[in-house]
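# Observations on chain architecture
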Amino acid sequence: IVGEKWGLINKKGENIVNFKYDEMEYLENGIIVAKKDEKWCYINKEGREITNNKYKYTGGFSNGVSVVIDENDKYGLIDINGKEIVQPQYYNIGGVANKFIGDSTLVLEKIIKDGEEPIVSCGIINRKGNIRLLGRVKISNFDEYFDNF
């Protein structure tokens with residue numbers, strides 16, 4: 001930390017990442033998340049930003065995939081190279097423990113309107129970005145839908 005800004009230096013004292021970030025956190029495999037002006041980005045072990053400094057939230061990686069949230073509170077997925085596998089567009093993306101096969105399968109939720117009551121369009125996605133829609137359910141029945149899945 002220099003002043004109030006974060007950056008990285010190597011063992012020789014050479015700058016790897018300029019001291020311009022408000023916060024930094026090490027994830028794994030040499031990947032770091034860094035916050036600047038209330039937005040987050042990912043930095044690789046060479047010190048290069050692998051995503052733009054644009055996300056409101058960045059998660060850790062599981063099987064090379066991470067959930068991100070954009071400034072409009074929409075969820076998407078990126079891979080460990082910073083490529084958006086699924087552009088932020090979903091109301092939520094999250095794992096459902098013991099409901100699906102493997103930890104690389106996630107639940108997608110996208111709120112749509114059908115008359116007055118909001119409806120959630122649900123599906124699953126694998127780490128390659130392949131989506132399989134499961135159906136639509138009214139918000140009032142959402143928890144019951146997954147309890148019986």
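Rules and cut-offs
- Residues numbered from 1 in each chain as written.
- Predicted model: local features only at pLDDT ≥ 70, side-chain atom pairs only at ≥ 80, totals over all residues.
- Heavy atoms only, no water.
- Helix = DSSP H or I, 4+ residues; strand = E, 2+ residues; numbered from the N terminus.
- Buried < 20%, exposed > 50% of the residue type's maximum accessible area, 1.4 Å probe, protein only.
- Contact = heavy atoms within 4.5 Å.
- Pairing = 2+ DSSP bridges.
- Phe/Tyr/Trp six-rings, centres within 6.5 Å; stacked < 30°, edge-to-face > 60°.
- Salt bridge = Lys/Arg side-chain N within 4 Å of Asp/Glu carboxyl O.
- Polar contact = N/O pair within 3.5 Å; in protein donor to acceptor, adjacent residues only side chain to side chain.

### Some thoughts on the environment of tyrosine 57
- Tracing the backbone through its elements, the reader meets tyrosine 57 in strand E6 (residues 57-58).
- Judged by relative accessible area, tyrosine 57 falls into the partly exposed class, the value being 43%.
- Once the C-alpha coordinates of tyrosine 57 and cysteine 41 are considered, the two residues, 16 residues apart in sequence, prove to be 8.8 Å apart.
- Excluding anything up to four places from it in sequence, tyrosine 57 contacts Trp40, Val67, Val68 and Ile69.

### Brief notes about the sheet that holds E6
- In spatial order, the strands read E6-E7-E8-E9; together these 4 strands make up an open sheet with antiparallel pairing. Each edge of the open sheet carries a strand with a single partner, namely E6 and strand E9 (84-90).
- The pairing of E6 with strand E7 (residues 65-69) spans 2 bridges and is classified as antiparallel. Bridging from a neighbouring strand, tyrosine 57 pairs with isoleucine 69 of E7.

### Let's talk about the environment of lysine 36
- By the element assignment, lysine 36 lies in strand E4 (residues 32-36).
- A relative accessible area of 28% places lysine 36 in the partly exposed class.
- Spatially, the C-alpha atoms of lysine 36 and tyrosine 21 are 4.9 Å apart, while their sequence positions differ by 15 residues.
- Not counting the four nearest positions on each side in its chain, lysine 36 is found in contact with Lys20, Tyr21, Asp22 and Asn53.

### Overview of the packing of aromatic side chains
- This model, assessed by the stated rule, comprises 1 aromatic pair.
- Ring plane angle 55° and centroid distance 5.1 Å describe the contact between tyrosine 42 and phenylalanine 61, whose orientation is recorded as tilted. Of this pair, tyrosine 42 sits in strand E5 (residues 39-43) while phenylalanine 61 sits in the loop between E6 and E7, and the two are 19 residues apart along the sequence.
- Given a relative accessible area of 0%, tyrosine 42 falls into the buried group.

### Let's talk about the pairing of E5
- Most of E5 is tucked away: 4 of the 5 residues are buried.
- Pairing between E4 and E5: 5 bridges, direction antiparallel. Its bridge partner lying in E5, lysine 35 is registered against tryptophan 40.
- Linking two consecutive strands that pair antiparallel, namely E4 and E5, is a turn of 2 residues; a positive phi of about 55° is found at aspartate 37 within it.

### Looking at the pattern of salt bridges
- Under the counting rule described, the total for this entry stands at 5 salt bridges.
- Between glutamate 49 and lysine 20 there is a salt bridge, with its nearest N and O atoms 3.9 Å apart. Note that glutamate 49 is positioned in the loop between E5 and E6 and lysine 20 in strand E2 (residues 15-21), a separation of 29 residues in sequence.
- Judged by relative accessible area, which is 29%, glutamate 49 ranks as partly exposed.
- Between glutamate 38 and lysine 35 there is a salt bridge whose closest N-O contact spans 3.5 Å.

### Looking at the side chain of threonine 51
- Locating threonine 51 in the fold gives a position in the loop between E5 and E6.
- Separated by 2.9 Å, the side chain of threonine 51 and the backbone nitrogen of tyrosine 42 make a polar contact.
- Not counting residues within four places of it along the chain, the set of residues in contact with threonine 51 comprises Cys41, Tyr42, Ile78 and Gly82.

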